[in-house]
Amino acid sequence: MKDRKPLALFLVIPMFVAASTSAAQSLRQAAQDIGLMVGTAVKPALFSNPDYARTLVRQFNIVEAENEMKWTATEPTRGVFDFRAGDRVVQFAEAHDVKVRGHNLLWGKYNPAWLEKGRFTPDQLRRIMKNHIQMVVRHYRGRVFAWDVVNEAFDSEGHLRHTLWYDEPGIGLAGKGTAYIAQALRWAHEADPHALLFYNDFAADGINAKSDAIYEMVKDFKEQGFPINGVGLQMHVFDPEDVPSNLGGNIGRFTRLGVEVQITEMDVALPLAGHGQASDSQLAWQAIIYRNIAKTCAENPGCTAFQMWGFTDRYSWIPAHTKGKRGAALIFDADYGPKPAYQAVVEAFQRVLKSHPQIKEERLRFERRVAAIGY
Ligand code: 9MR
């Protein structure tokens, strides 16, 4: 879906950049003023780096372990759990009045070899899956406020991916569509009835076949009374010329089902020339993309968190993933300096406060409504 921005947007860049450099308020404060959580993926190995830690706690009020709560980290050997790295995230967050999103409990990819190559029967897998979900959720009970219970289960056509959990061989629910996802949610809910439970996916940010399928699943789960509280839209923007055009409509349809939406992994990967640096005009364009997404989330009371997949270009998954062809995807540069995208997000939040003075109360009311739904 192409969504080329009108030329007029280019004309506002110089004014926008000039006006924004005076913004002294932190991102965290600007988000708090509108009742929004603002977050980033983190690497706990970097907490001892003063620049990393200082920027993190000044600018964000939620964090998510980039890798340390995934299966490979938490159950590297069957039945042997290791929470040390995940615990560092929780301890750091609690010391700085920051909340923790958990990521993730079930994914068809990046699982440890013992699990992928174990040739388990559906019955065995069912027990392994239940044990893992409940051990991890119980360990973090009351300390992780929301979990990505299932990650990336649909393909771009809206079909369920073939995975270990679904049908290769699956947990005994092969061919039964989203039943295994419902089962994961129910087990997570048993382990911590107060945690918010999310389904999380990429390229489902606008309205398309994948987000349609997720919508149908959430609608069905709500009708059947299965515990689901939210949908995570990852928002990895790989092509700055092709940004999801109807995020607002997509957020709106999910929130009307009575679930929260959170932007969970935003970054905007810029194509880099040979010298590896982004140009000023690329950075200005990137700022516009960040601003538009931040605004769309912030002005919708059902969009409760705006989170990015890291915050400094020094540590981002994009360069390795694209063999150096893309990068500079985050809102702080490699030396922790704020980029135009940073100013743009702060300004977007500040403007939403002006245009929607009641937004904080509306968002809190929405969150209370979602939390009050009993399962
Ligand atoms: O950024 C993460 C990278 O360091 C890991 O190697 C990879 C596999 O665990 O996962 C990356 O994070 C992904 C996230 O967990 C789910 N959505 C896509 C993210 C980027 O690939």
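Quick caveat, the model's predicted, so the values are computed rather than measured.

Trainee: I would appreciate a short explanation of helix α8 (residues 122-139) in the present structure.
Mentor: One full turn of an α-helix is made of 3.6 residues, so residues set three or four places apart face in the same direction. With 18 residues, α8 extends 25 Å from end C-alpha to end C-alpha; this agrees with the ideal 26 Å at 1.5 Å per step. For α8, every residue scored as buried is listed here: Leu125, Ile128, Met129, His132, Ile133, Gln134, Val136 and Val137. Structurally, α8 contributes buried residues whose contacts are with α5 (71-74), β3 (99-107), α7 (113-116), β4 (144-151) and α9 (179-191).

Trainee: Sorry if this is basic, but what is going on with the state of the cysteines here?
Mentor: Disulfides are covalent bonds that link the sulfur atoms of two cysteine residues. Per the counting criterion, the structure on display carries one disulfide. The residue that forms a disulfide with cysteine 297 is cysteine 303, at a sulfur-sulfur distance of 2.2 Å. Every disulfide takes its handedness from the sign of the S-S torsion; for cysteine 297 and cysteine 303 that torsion is -95 degrees, giving left-handed. Of the two residues, cysteine 297 and cysteine 303, neither departs from the other in class, the shared state being buried.

Trainee: Looking at this model, I keep getting lost on the site of the ligand. Mind explaining?
Mentor: Around the ligand, the surrounding shell holds 13 residues, and the nearest of these are Glu66, Lys70, His103, Glu152 and Glu265. Here an oxygen atom of the ligand and a side-chain polar atom of lysine 70 are 2.8 Å apart. Taking tryptophan 309, its side chain carries an N or O atom lying 3.0 Å from an oxygen atom of the ligand. Protein contacts shield 80% of the accessible area of the ligand, which totals 450 Å² for the unbound molecule. Taken together, the residues that form the shell around the ligand break down as four nonpolar, five polar and four charged.

Reading guide: rules and limits
- Residues numbered from 1 in each chain as written.
- Predicted model: local features only at pLDDT ≥ 70, side-chain atom pairs only at ≥ 80, totals over all residues.
- Heavy atoms only, no water.
- Helix = DSSP H or I, 4+ residues; strand = E, 2+ residues; numbered from the N terminus.
- Expected span 1.5 Å × (residues − 1).
- Buried < 20%, exposed > 50% of the residue type's maximum accessible area, 1.4 Å probe, protein only.
- Contact = heavy atoms within 4.5 Å.
- Disulfide = S-S within 2.5 Å.
- Near = heavy atom within 4 Å.
- Polar contact = N/O pair within 3.5 Å; in protein donor to acceptor, adjacent residues only side chain to side chain.
- Areas by Shrake-Rupley, 256 points an atom, 1.4 Å probe, with all protein chains shown as cover.
- Nonpolar A, V, L, I, M, F, W, Y, C, P; charged D, E, K, R; others polar.

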